[in-house]
Amino acid sequence: MPVNDEYAARTTCRDHTLVNTQPLRGSLRGQFYSQCEKARFDYRCKFSHTIFNINRVHKIGNRDGRKSYIVSLDYGHGFERYGCYEGWDSGWDVRVPDGSGYPPGPSKYVGHARVHDLPKALLLEEAHTGLRAAGDALTQYGKVQSLCRAHHELNACQRPDCKFDHDLVDSARIEKLARWVPRDTDNYDVLTVECRVVEGQTTWKIILKEAAFAKLKATDPIAHHITSRPYSYEAAELLDVVRHMEQVVGLATTST
């Protein structure tokens, strides 16, 4: 049954969560691609390459069964920093900070460890840590991997049996929090999404770095409410942190 464009846009691309199994030749040899990227080098996939399931972050953190860990999702901007050849681009990388107990391991892939979209950054880290390999089956979740509009747009889903997975978050929505970045002037870090788990209790934090406020004018009313830069906020649910940050930076809470 055909999927309409609106539904596809709020549904995770399944093939973008799988490591490419097709042979790569020439200059592509050794590079890292998802199944979707290899199948569609024009990147015209109708499904989302920005929506991710937060349980993927937890699996990276507790891959050996530990109950306490930290995983950081870093968003930044730079020249050839995220795979763009001879150009400026923004993107993500997944980092397990020092002190989390995991030794840093060298990548078996050449090229950029940082990539354009967060779901691929998670896939790259999953491949690095042995959580996912080429040919692995699709991860099965108990709910449909599409955003629940009532939950994400209005925070008003009251259905205990909602068929949509409420553990999904759109990283494009997080990127929009950086309203005042300087753009193509230098390499810089914009924000960090931190998942901190202590004895099984999760705290999510978003830290807007100084570059996120580079073009915020002192006369802007919002500037009077953001006196501390970097600015951060934390809560038990990532979507609650996103909503709070949207209010702080003057974005409509109904945006997705």
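The rules behind these values
- Residues numbered from 1 in each chain as written.
- Predicted model: local features only at pLDDT ≥ 70, side-chain atom pairs only at ≥ 80, totals over all residues.
- Heavy atoms only, no water.
- Salt bridge = Lys/Arg side-chain N within 4 Å of Asp/Glu carboxyl O.
- Helix = DSSP H or I, 4+ residues; strand = E, 2+ residues; numbered from the N terminus.
- Buried < 20%, exposed > 50% of the residue type's maximum accessible area, 1.4 Å probe, protein only.
- Pairing = 2+ DSSP bridges.
- Phe/Tyr/Trp six-rings, centres within 6.5 Å; stacked < 30°, edge-to-face > 60°.
- Lys NZ or Arg CZ within 6 Å of the ring centre and 35° of its normal.

Caption draft 1: Quick look at the pattern of salt bridges. By the definition in use, this model includes 13 salt bridges. Its salt-bridge partner being lysine 120, residue glutamate 37 comes within 3.1 Å of it at the nearest N-O pair. With glutamate 37 in helix 2 (residues 35–39) and lysine 120 in helix 4 (residues 118–128), this pair connects stretches of sequence that are 83 residues apart. Each member of the pair, glutamate 37 together with lysine 120, is buried.

Caption draft 2: View of the pairing of strand 3 (residues 88–95). Of all eight residues that make up strand 3, six are buried, and the element is covered over most of its length. Two elements, strand 2 (residues 69–79) and strand 3, share eight bridges in a ladder whose sense is antiparallel. Paired with glycine 78 across the bridge in strand 3 is aspartate 89.

Caption draft 3: Representation of the packing of aromatic side chains within the structure. Using the criterion set out here, one finds four aromatic pairs in the structure. Taken together, a centroid distance of 6.5 Å and an interplanar angle of 55 degrees make the contact between tyrosine 7 and phenylalanine 164 tilted. Residue tyrosine 7 is found in helix 1 (residues 5–9), and its partner phenylalanine 164 is found in the loop between helix 5 (149–154) and strand 4 (168–170); the two are separated by 157 residues along the sequence. Judged by centre distance (6.1 Å) and plane angle (25 degrees), the rings of tryptophan 180 and phenylalanine 213 are stacked. Residue tryptophan 180 is located in the loop between helix 6 (171–175) and strand 5 (188–198), and its partner phenylalanine 213 is located in the loop between strand 6 (201–208) and strand 7 (231–235); the two are separated by 33 residues in the primary sequence. Of the two residues examined, tryptophan 180 and phenylalanine 213, each falls in the buried class. Above the ring of phenylalanine 164, the side-chain terminus of arginine 10 is found at 5.5 Å from the ring centroid. Looking at arginine 229, its charged tip hangs above the ring of phenylalanine 213, at a distance of 5.4 Å from the centre.

Such coordinate-based values are descriptive only and should not be taken to indicate function.
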